[in-house]
Structures are given as C-alpha cells and as structure tokens.
Amino acid sequence: MIQAAKDAKAILDGFGLAAKGEGRASPVDGSIMPGLAECDAAGLEKAIAASARAFQTWRATPGPVRGELVRRFGEILRANKEPLGRLVTLESGKPLSEGLGEVQEMIDICDFAVGLSRQLYGLTIASERPDHHMREMWHPLGPVGIISAFNFPVAVWAWNAALALVCGDPVLWKPSEKTPLSAFAAEALLQKVIKDFEPAPEGLSALLIGGADIGEALVKDARVPLISATGSTRMGRAVGTAVAARFGRSLLELGGNAATIVTSSADLDLALRAIAFGAAGTSGQRCTTLRRLIVHADVYDRLVSRLKAAFASISIGDPREPGNLIGPLIDKQALDCMTRALASARAAGGTVTGGETVRDLYVRPAIAEMRAQTDIVREETFAPILYVMRYSTFDEAVALLRDVPQGLSSSIITRDLSEAERFLSAKGSDCGIANVNMGPSGAEIGGAFGGEKETGGGRESGSDAWKAYMRRQTQSINYGSTLPLAQGVKFDL
Ligand code: UN1
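Residues numbered from 1 in each chain as written. Predicted model: local features only at pLDDT ≥ 70, side-chain atom pairs only at ≥ 80, totals over all residues.

**Student:** So what's going on with the overall build of the protein chain? Residues and values would help.
**Tutor:** Secondary structure assignment for the protein chain yields 15 helices and 23 strands. Taking 23 Å as the expected radius of gyration for a compact globule of 493 residues, we find that the protein chain reaches 24 Å, a close match to that expectation. Projected onto its principal axes, the C-alpha coordinates of the protein chain cover approximately 80 × 60 × 35 Å. A burial count over the protein chain gives 52% of its 493 residues as buried. Taking all contacts inside the protein chain whose residues are at least 6 apart in sequence as the whole, residues at least 24 apart take part in 72%. (Helix = DSSP H or I, 4+ residues; strand = E, 2+ residues; numbered from the N terminus. Rg over C-alpha atoms; globule rule 2.2 N^0.38 Å. Buried ≥ 20, exposed ≤ 12 C-beta atoms within 10 Å, placed from the backbone. Contact = placed C-beta atoms within 7 Å.)

**Student:** Help me get a handle on the sheet that holds strand S18 (residues 409–413), residues and values and all.
**Tutor:** Ordered in space as S12-S15-S16-S11-S10-S18-S19, the seven strands form an open sheet in which the pairing is mixed. The sheet is open, and its two edges are formed by strand S12 (351–354) and strand S19 (433–436), each paired on a single side. On average, each strand axis in the sheet is tilted by 20 degrees relative to the strand beside it, whichever way the strands run. In the sheet, strand S11 (residues 290–296) pairs with strand S16 (residues 385–391) via five bridges, with the strands oriented parallel. Bridge pairing links isoleucine 294 to methionine 389 in S16. Packing against the sheet, helix H11 (residues 297–313) makes contact with strand S10 (258–262), S11, S12, strand S15 (366–369) and S16, and its axis sits at approximately 145 degrees to S11. Across the sheet, helix H14 (residues 394–402) is in contact with S10, S11, S16 and S18; its angle to S16 comes to roughly 150 degrees. (Pairing = 2+ DSSP bridges. Axes fitted to C-alpha atoms, helices over the stretch in contact; angles between N-to-C directions.)

**Student:** Provide a residue-level description of the packing of helix H1 (residues 4–14) against helix H4 (residues 81–92), including the pertinent values.
**Tutor:** Packing of H1 against H4 leaves a shortest axis separation of 10 Å and a crossing angle of 150 degrees. With respect to each other, H1 and H4 are oriented roughly antiparallel. Considering how the two elements wind past one another, H1 and H4 form a crossing that is left-handed. Across from Ala4, Asp7, Ala8, Ile11 and Gly14 in H1, the residues of H4 making contact are Pro83, Arg86, Leu87, Leu90 and Glu91. Class assignment for the residues of the contact of H1 with H4 results in six nonpolar, one polar and three charged. (Parallel < 35°, antiparallel > 145°, perpendicular 65-115°, else oblique. Left-handed = near helix turned anticlockwise from the far one by under 90°. Nonpolar A, V, L, I, M, F, W, Y, C, P; charged D, E, K, R; others polar.)

**Student:** Residues and numbers for the pairing of S18, please.
**Tutor:** Taking burial as the measure, the five residues of S18 include five buried ones, the bulk of the element. Residues Ser409, Ser411 and Ile413 point to one face of S18 and Ser410 and Ile412 to the other, with burial holding for every one of them. As paired strands, S10 and S18 are joined by four bridges and run parallel to one another. Bridging across to S18, alanine 259 finds its partner in serine 410. In this sheet, S19 lies alongside S18 in parallel orientation, the contact comprising four bridges. Opposite serine 409, over in S19, you have isoleucine 433 as the bridge partner. Note on the crossover from S18 through helix H15 (residues 417–424) to S19: the handedness is right-handed. (Right-handed = clockwise from strand over helix to strand, strands pointing away.)

**Student:** Account for the site of the ligand, with residues named and values stated.
**Tutor:** Neighbouring residues of the ligand: Glu105, Asn151, Phe152, Val156, Thr230, Arg286, Cys287, Thr288, Ser441, Gly442 and Ala443. For the shell around the ligand, the residue count by class is four nonpolar, five polar and two charged. Residues lining the shell around the ligand come from more than one domain, with at least three contributed by each of domain 1 (4–254 + 456–474) and domain 2 (258–436). (Near = placed C-beta within 6 Å. Domains from an automatic or database assignment.)

**Student:** Go over the environment of alanine 347, please, and point to the residues and values.
**Tutor:** Tracing the sequence through the fold places alanine 347 in helix H12 (residues 332–347). Spatially, the C-alpha atom of alanine 347 lies 30 Å from that of isoleucine 413, the residues being 66 residues apart in sequence.

**Student:** How would you summarise the domain arrangement of the protein chain if you had to cite specific residues and measurements?
**Tutor:** When its domains are assigned, the protein chain resolves into domain 1 (4–254 + 456–474) and domain 2 (258–436). Domain 1 and domain 2 are separated by 30 Å when their C-alpha centres are compared. For the side of domain 1 that touches domain 2, the elements supplying multiple residues, two or more each, are H4 and helix H5 (96–116). Of the residues assigned to the side of domain 1 that touches domain 2, the class counts are five nonpolar, five polar and four charged.

Right, here's the structure in full:
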C-alpha cells in the first residue's frame, strides 16, 4: 500500500490544492500528512465581516435560486465522491466504504436541501379579527458558524451547510483540528461552485482552519446568530454557555452513549450483525456508536458468546483494503482513553474480552461484561468498547437504557410487537433516535438527527431541522378599514 500521506498529497494535487508544510500523522500508517495554513484573529475577522456582507445579498436571493447552488454542489460531490471519500479515510481512518458513505451522505443532504428550497413553508392562521389574515413567514437568519468533529469530518458540515445555504444563510466552518484536509477539499469544491454561480456573493462560505481560540472567537461573535457544534459534551457546555450569554442560538449534537436492548424473542442472527456494526464499526467513533448492550437473561449466554467470537475474528487493518471492517483509532489520545476506560471497567468488577492493540492505533473491539451500570458505563468513551449488562424485566431494561446523562440514540431487537411499541412510547426510550430491529447508528439524512439531555437537544439534517436556520415571523394583516383589537379590547378615541 502506498503511504497514506503520499496518497493524500496526490488527492490534493488532483483537486488542484496546495498544502503548506507538515500536518498531523495519518492514523492509517503514521505518515505525516500535508499541512495547511491556519487562520488567525485577523483572518477570522475578515471572514465574519465578509459573511455578514454576503448575507445582505443572499437573504434577498430567491430560495429556489439558492437551491440551484446546492444542486450544483451535489453534482460536484457526485463527480468527486471517490477522491473525497478516500481522503476522509486517509485522515480519519474509517474504512473506505464508510469514507465513500460519508460523501454519499453529503450528496443526499444536498438533494434534500434542493427540494427544501421550494418548501420553506410557513402556516396560515385563522384570525379572530374580521378582515384579518395571519401567517408565519420564515426569513433567513444570518451567518451560521459550524464546528465539526473528526469522526464525520465532512458530512456533518454538509448537513448544516446545505440547509443553511438554501435557508439564505452564509456559512463559517471551523473543522476539527484532526481532519483539516478533508475540510479543505470539501470547501474547495463548494468554492468552485460558488465562483461559477453568478447570484452567489463573495464570502458566502469560509473555512477557518485553526485551534480552539478560533472556535472560541467565532462562538462569541454576535454577528453569527447560530452556532451549530458537534463534539464532546465538555465542548458543547462551553459553546452553549457562551452563545447563550449573547442570546445567540446554538444547535448542539454532543455525546451519545447509545444503548440496544435485546429481548428474549430477538432474532439473534440479526442482533449479532446489528450489534457488530453498531459497536465496532468506525472503530466505535460515531456519536451513535452502540456502547451499552442490555440483554435478556434468557439469551445472554448464547448471544454474548457469539459476539465474542465475532469480535475476535473481525478483520482489522488498513482501512483502504476492502476486506477490513475496522481501521485505526484517530490518535494516541483516543487509544489512551480506551485503555483507561477498560482499566476502570475491570476495577468496577467488569470482565473484559478483547480490546488489545493489534498494532499502532489498531485495536480489537472490546466486550466488557458488567454487573451494573457503573460510572464508567455512564460516561462516553469514544472507542470500540461494548459494555454488556443482563436484565430480566422489560422495565428494568428501559430503566438502564435511560439512566445515563446522554440521550442521542437507542434501539431494541425484538419480535414482540408490544415490547417494540412500549420501547417507542413516552415511557420507553428517552433518546432523539429510537430504532427497532437494527442498531442505533447509521441514520439516514431524511430524519431529524440529534438527542436529548447532555446530547444537547439540537436537531440537524432532515425533517423540519431547517427551521433552526431561519427566523420565524408572525405576520398579521388587516385588509379592512376598521381596527378591531384582539381579545375584544376597546380603545376608541
Ligand atoms: C456523528 O457521529 O456525529 O447516524 C454523526 C450515523 C451517521 C452520522 C453520525 N449517519 O451514525
């Protein structure tokens, strides 16, 4: 296999992009990736000012015309799916099929947003006053700041950018410091489309490569009415507080700690496949990764022994090789977190199977059988560790599922309709995402994506998530010649 850094360099060359100096080590083989120039305070000021200027034009551009820009972006992504997906793989370490899947997710959200550009509907409301109309109008909001994480280095930005752009908002993107190259390439594709599209103003989109200081300055800037941030709960708490202090709006997608309940009637073959992808896929580095498996005592031994065998034989290695289902962790820090979490699980009385380092950043997924949902289980560790717990009553399983600070995703595997519906009811899963007969990860773009509690409450992507990117105006129109007041109030001069 060609060195990852050389591979990445060739892809950037193909995009006509010049790197600068040396960057980070690729998780794939440790080779030093190309570097990029960083944005400083002056660069950020310029970008925000340009974004605010671009908003003046873009908000007045008809929605379907804005949609045409996003349609063209989807087209250029289709044409560049292979190199961009590969770059994602080289930089994040996820298997190529997932790197390509990530670009597909970008294309999907573009298609969705194009349709949406003609459907930014408001309501009409019956007025209590004669000769009056009431309606809701959705207006563009302003520049949107997007902070994205390493694990989906381009797709989550695209969810935000595609919606923001059709909603009439410019975008300012601070990508993860761990995956700047994928961001650089994706932004370059969007810039190319913007350049060739006459109605798109300069400054409509900007990439802010840099560290936490750039993110902090962006978050505090009152010219940016919405900050959409994906990452850890710790980061989200800081962002949410800073944005609230200036009465800005934030859209947070933070820690997940997803759980799956496997009931006694479950199809165990299906369960095995769903659990393996959910827990070990993407090396456990999705927000939606399955981390807590809650298994009925009747099927526990059968399922867990099969899971151990599956995890022991799963192919781990260079994510560019089609046969490998698991690539490396993102960096040494992630590996250390995994090691520490496994030590805590053992200290709490857990029995750990797997979890050893195969080489460098490549680890075997671990199964930690726990007697209770201890502190380490309730914490999210961004690594392939599946904590397994046994239950005997359905209520006990749901109580375990809910008893964590996070609330992003969840699933149940059962053949029992009543159990499935109880899981989906108000007394069931308390997460933003609840699935039946599948794992908790790998959502489609059509639904609203996000979760409750420490996950942050934001909703991105499909359904009516677009409303977060616009401001709602209630309009009342009097087309008569009298001035009746609401609630029967009299004020006759
Ligand atoms: C994330 O991990 O932040 O549902 C996003 C999924 C993907 C997106 C994950 N479509 O797993």
